Amino acid sequence: MSFKSSPPFRAEHIGSLLRPDYLLEARKEFDHKTITYEELRRLEDKAIEEAICLQREVGMKTLTDGEYRRHMFYDGFFDHLEGFEEVHDPPLEIFKLYVPDIKAFVANSMFFPITHHLPSHAFLDTKPAGTTLCTGKIKHVKSGYLPQFEALKALVRPEEQKNIKLTLAAPEWFHLRHGEHAFKPEVYASRDEYFDDIAAAYRRELEILYAAGLRNVQIDDPLLAYFCAESMLKGMKEAGEDSDALLDRYMQLYNDCLKDRPKDMTIGLHLCRGNFRHSIHFSEGGYDAIAVKLFNEINVDCYYLEYDTERAGTFEPLRCLPRNKSVVLGLVTSKFPELEDKELLKARVLEAAGIMASGTGETEEQALQRICVSPQCGFASHEEGNLLGMGDMKKKLALVKELASSVWSDA
């Protein structure tokens, strides 16, 4: 068997890592203007160097900066485009309340008593206190990701630069949350015009990052997984929104964003059901409802799929994954410290290979070569992170590597 030298690698992780306490404290001090940006930057560099050492130590080939220079996982794209504006204390009526995370925030911390299973303390100060809306023509004027990539390149070894993975925001991020309120009608007469300019900006972003040397991109998109949630589909129907048509339009948007990407730039798509601070998820539902379209109509190379609990459903949808694409099974939870049983995880990998083979007609061994493993999501999509410690995170990442080595000789 040849050594797997290109992403996705057998043992993967989703990108974000727990921040050390000193970095969280420094970020607060910077926000309160008690330290300078240069002082914050030095501490970010220190923390990222430690994160790189951790990734090397557990045997990860993929290297990220842990998203240590961000507050939220989706920072870096829309906030650097001309035409978008941050809106503080936005009115409730501009949000689509059928979107699972918006629904949870409203139910738990804005106007209504707590009715969900979510812990109330996790929602303190988390009502939609701000959002980003399109108020002018969209234009790519500056890359928010390029400085992050260049800084990470400077901190890794030259031979490791090709293994850097950068996580990017989903192009429909603000549209699902706001619908017709996502842009001003006097700026764009239709959502198609709005999407066209987002796609042009996304293509420019990828062009800039490719020229700088980036070859591994992961787009983080919990919104696509929301289309698996019966609660959202029901809410959309009640609101008069055609969920199938909107999903189709989002897939077209993806392909428009990616249509000029170089062949040697790997594009992965990560789906989860929410990964808010304190290990909170927002939706449930297997991939069955979207699998055919998701796996066959979006022009990406691989899928990073949440599969750590029953809320993600079974492996049956993987029958629809075509032979020219791979899947990274998110079998290890990043939400809680308890370690999974490696042998049970290995059995799940083999089960997935069998199901994939039954759908494509290939052998189980051939299907197995299109599988990798990872945690189900990042460890800190929000800077405060999930309910586990640094030592727990290291054990989780080590378990992913051990699992991969037990299945593939090229791990």
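Refer to the structure above for everything that follows.
Treat the numbers as computed from the prediction; the structure is a model and nothing was measured.

(A) Broad picture of the overall build of the protein chain. For the protein chain, the helix and strand inventory stands at 13 helices and eight strands. The globule rule puts the C-alpha radius of gyration for 411 residues at 22 Å, and the 20 Å found for the protein chain is close to it. Principal-axis analysis of the C-alpha atoms places the extent of the protein chain at approximately 60 × 50 × 45 Å. Within the protein chain, the proportion of its 411 residues that are buried is 58%. Put simply, 79% of the contacts in the protein chain that link residues at least 6 apart link residues at least 24 apart. When the accessible surface of the protein chain is summed, it comes to about 16800 Å², and 52% of that surface belongs to carbon and sulfur atoms. Placing the 51 positive and 67 negative side-chain charges of the protein chain at their respective mean positions leaves the two points 3 Å apart.

(B) Quick peek at the layout of surface pockets. When its volume is computed, the second largest pocket comes out at roughly 290 Å³. Residue lining of the second largest pocket: Asp-21, Leu-24, Glu-25, Arg-27, Lys-28, Phe-30, Asp-31, His-71, Glu-383 and Glu-384, and that is the complete set. Partitioning the lining of the second largest pocket into residue classes produces two nonpolar, one polar and seven charged.

(C) A look at empty space enclosed by the protein. Using the criterion set out here, one finds two cavities of 30 Å³ or more in the structure. Space inside the largest cavity adds up to approximately 50 Å³. Classifying every residue of the lining of the largest cavity by side-chain character gives three nonpolar, no polar and four charged. Of the pockets and cavities examined, the second largest cavity occupies roughly 40 Å³. Forming the walls of the second largest cavity are Gly-15, Thr-64, Asp-65, Glu-67, Arg-70, Lys-165, Leu-166 and Thr-167. Looking at the lining of the second largest cavity residue by residue, the class counts come to one nonpolar, three polar and four charged.

(D) Structural detail: the packing of helix H2 (residues 37–58) against helix H4 (residues 146–155). Running from amino to carboxyl end, H2 crosses H4 at an angle of 60 degrees, the nearest separation of the two axes being 10 Å. With respect to H4, the element H2 is oriented oblique. The element H2 and its partner H4 pack so that their crossing is right-handed. Two secondary-structure elements touch here, H2 through Arg-41, Asp-45, Ile-48, Glu-49, Ile-52 and Arg-56 and H4 through Ala-151, Leu-152 and Leu-155. Here the residues of the contact of H2 with H4 are counted per class, giving five nonpolar, no polar and four charged.

(E) Highlighting the packing of aromatic side chains. Tallied over the full model, the rule gives 20 aromatic pairs. With centroids separated by 4.9 Å and ring planes inclined at 65 degrees, the aromatic side chains of Phe-77 and Tyr-202 adopt a geometry described as edge-to-face. In this pair, Phe-77 sits in the loop between H2 and strand S1 (81–88) while Tyr-202 sits in helix H6 (residues 191–211), placing the two residues 125 residues apart along the sequence. Tyr-202 shares its class with Phe-77; the two are buried. Here Phe-227 and Tyr-250 contribute two aromatic rings whose centre-to-centre distance is 6.1 Å and whose plane-to-plane angle is 85 degrees, an arrangement assigned as edge-to-face. Pair noted here: Phe-227 is in the loop between helix H7 (222–226) and helix H8 (230–238) and Tyr-250 is in helix H9 (residues 243–258), with a separation of 23 residues, a long-range link.

(F) Spatial organisation of the pattern of salt bridges. This model, assessed by the stated rule, comprises 25 salt bridges. When the shortest N-O distance is used, the salt bridge between Glu-50 and Lys-46 registers 3.0 Å. Here the residue Glu-50 and the residue Lys-46 both occupy positions in helix H2, the gap between them amounting to four residues, near one helical turn. Look at Glu-50 and you get partly exposed, because its relative accessible area is 38%. One salt-bridge network, held together by shared partners, links Arg-27, Arg-41, Glu-44, Asp-45 and Arg-69.

(G) Here's a closer look at the nonpolar core. Membership of the largest hydrophobic core comes to 126 residues, with the highest contact counts inside it found for Tyr-194, Phe-227, Leu-269, Leu-294, Leu-318 and Ile-371. Formed by five residues, the second largest nonpolar core is a distinct cluster that contains Ile-14, Cys-302, Tyr-304 and Cys-372.

(H) Expanded view of the sheet that holds strand S5 (residues 266–271). Taken together, the six strands give an open sheet; going across it, the order is S3-S4-S5-S6-S7-S8, and neighbouring strands pair in parallel fashion. In this open sheet, the two strands that pair with only one neighbour each are strand S3 (166–169) and strand S8 (371–375). This sheet shows a mean twist of 25 degrees between the axes of neighbouring strands, independent of strand direction. Of the strand pairs in this sheet, S3 and strand S4 (residues 216–220) are connected by four bridges, and their pairing is parallel. Counted as the bridge partner of Ala-169 is Asp-220 from S4. This element, H6, spans S3 and S4 of the sheet and lies at about 165 degrees to S3.

(I) Spatial organisation of H2. For H2, with 22 residues, the first-to-last C-alpha span of 31 Å sits near the 32 Å given by 1.5 Å per residue. Taken together, the buried positions of H2 are occupied by Leu-40, Glu-44, Ala-47, Ile-48, Ala-51, Ile-52, Leu-54, Gln-55 and Val-58. Viewed along the axis of H2, the buried residues span an arc of 155 degrees, placing them on a single side of the element. Away from its buried face by more than 90 degrees, H2 exposes Arg-42 and Glu-57. Where the residues of H2 are buried, they touch helix H1 (21–31), H4 and helix H13 (390–407). Gly-59, located one to two residues past H2, shows a positive phi value of around 95 degrees.

(J) Focus on the environment of Phe-9. Turning to its location among the elements, Phe-9 is positioned in the segment before H1. Distance from Phe-9 to Arg-319, taken between C-alpha atoms, is 21 Å for residues 310 residues apart in sequence.

Procedures and definitions
Residues numbered from 1 in each chain as written. Predicted model: local features only at pLDDT ≥ 70, side-chain atom pairs only at ≥ 80, totals over all residues. Heavy atoms only, no water. Helix = DSSP H or I, 4+ residues; strand = E, 2+ residues; numbered from the N terminus. Rg over C-alpha atoms; globule rule 2.2 N^0.38 Å. Buried < 20%, exposed > 50% of the residue type's maximum accessible area, 1.4 Å probe, protein only. Contact = heavy atoms within 4.5 Å. Areas by Shrake-Rupley, 256 points an atom, 1.4 Å probe, with all protein chains shown as cover. Lys, Arg positive; Asp, Glu negative; His and termini not counted. Charge placed at Lys NZ, Arg CZ, Asp CG, Glu CD. 1 Å grid on protein atoms, 1.4 Å probe; cavity = no way out; pocket = protein on both sides within 12 Å on 5 of 7 lines; lining within 4 Å. Points joined across faces, edges and corners; volume = space filled by probe spheres on them. Nonpolar A, V, L, I, M, F, W, Y, C, P; charged D, E, K, R; others polar. Axes fitted to C-alpha atoms, helices over the stretch in contact; angles between N-to-C directions. Parallel < 35°, antiparallel > 145°, perpendicular 65-115°, else oblique. Left-handed = near helix turned anticlockwise from the far one by under 90°. Phe/Tyr/Trp six-rings, centres within 6.5 Å; stacked < 30°, edge-to-face > 60°. Salt bridge = Lys/Arg side-chain N within 4 Å of Asp/Glu carboxyl O. Core = buried A, V, L, I, M, F, W, Y, C linked by side-chain atoms within 4.5 Å. Pairing = 2+ DSSP bridges. Expected span 1.5 Å × (residues − 1). Arc of directions from axis to C-beta.

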